[in-house]
Amino acid sequence: DGEPAVTGDGDINTHLLRGTAGTAVTVTVRTPGSQPRDVAITRANLSTVEPVEQRLLPGKKRIGYILIPTFFEESIEERVRVALRTLMKGGRLDGLIVDLRINGGGAYPVLLANLGFYTRGTVGYLVDRKGRRESLTVRAERIGNSQSVPIVVLIGPSTQSYAEVFAGTLRVRKRATLLGQKSGGNIETLHAHRFEDGSVAWIAEETFRLPNGTHWEGQGLTPDILVDQGWDEFTGENDPVIAAAVKVLSK
């Protein structure tokens, strides 16, 4: 409705989009490479799931692409499993691109299940304020050649929390190359504390450490290959970050 979608601090003005069901809001949208246009939307109660996108990229080699938007939804595990099976139908992959550029993290079991498609064993630890450690141990699940296929993980500023753990552990275990922009640097684990009045306090009580004790809290993961381009300025067909990943896997 003519107001900016993002505040000066970079926060989304969500309250401008939400409202009473049946009322309308006009949103100005620009698709990369096109002119801005107005879209009138009628508000309604919504129930949806985040899409897991997968496709085989054009070229001489069989390079697959999977976009994992979140680890919050329990169904992500099964949908990634289905995506990998679909990509493997035509045979083993020569390379796999896992896009985490909009993944802000999620739930512990979903993280472990997704790591299990590509690696196994103890990948690190959750450490609390008293120094107590809980091992992150991954059980392998092989789909086609998922346990050996060369991987490029795409990261950026919105890659945070368990999405960073996913990317960082695969790199340390020499299963993946990280490509894109520096990640968010937020690898704390939140725990919910519920009160009698119905309110909830989410408190960061643990953080992640690699087996050697290192971490990237507050600093972010620095990609092995820097491609300083935002995902929202391009389509899937002309995304320079995906193109750079294909080049790495085509060598």
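Residues numbered from 1 in each chain as written. Predicted model: local features only at pLDDT ≥ 70, side-chain atom pairs only at ≥ 80, totals over all residues. Heavy atoms only, no water.

*Asks:* A description of the sheet that holds strand β7 (residues 133–138) should follow, citing residues and the corresponding values.
*Replies:* Strand order across the open sheet formed by four strands is β7-β6-β11-β10, with antiparallel pairing between neighbours. The open sheet terminates on both sides in strands that have one partner only, identified here as β7 and β10 (188–194). Across this sheet, the average inter-strand angle for adjacent strands is 35 degrees, counted without regard to direction. The pairing of strand β6 (residues 121–128) with β7 spans six bridges and is antiparallel. If you follow G124 over to β7, its bridge partner there is L136. Packed on one face of the sheet, helix α3 (residues 108–115) meets β6 and β7 and runs near 40 degrees to β7. (Pairing = 2+ DSSP bridges. Helix = DSSP H or I, 4+ residues; strand = E, 2+ residues; numbered from the N terminus. Axes fitted to C-alpha atoms, helices over the stretch in contact; angles between N-to-C directions. Contact = heavy atoms within 4.5 Å.)

*Asks:* Got a sec to walk through the packing of α3 against helix α4 (residues 162–172)? Specific residues and values, please.
*Replies:* Relative orientation and spacing of two packed helices are given, respectively, by the angle between their axes and the distance between those axes. Relative orientation of the contacting elements α3 and α4 amounts to 25 degrees, with a least axis distance of 10 Å. Considering the angle they form, α3 stands roughly parallel to α4. By crossing handedness, the relation of α3 to α4 is classed as right-handed. Only Y162, V165, F166, T169 and L170 of α4 make contact with α3, whose side of the interface consists of Y108, L111, N114 and L115. Taken together, the residues of the contact of α3 with α4 sort by class into seven nonpolar, two polar and no charged. (Parallel < 35°, antiparallel > 145°, perpendicular 65-115°, else oblique. Left-handed = near helix turned anticlockwise from the far one by under 90°. Nonpolar A, V, L, I, M, F, W, Y, C, P; charged D, E, K, R; others polar.)

*Asks:* Would you mind going over the environment of V172 in detail, with residue names and values included?
*Replies:* Here V172 shows up in helix α4. Classification of V172 as partly exposed rests on a relative accessible area of 45%. Linking V172 and I143, residues 29 residues apart in sequence, is a C-alpha distance of 22 Å. (Buried < 20%, exposed > 50% of the residue type's maximum accessible area, 1.4 Å probe, protein only.)

*Asks:* Lay out the pairing of strand β3 (residues 53–57) in plain terms, naming residues and giving numbers.
*Replies:* Inspection of the sheet shows β3 paired to strand β4 (residues 63–67) by five bridges, in the antiparallel sense. Counted as the bridge partner of L57 is I63 from β4.

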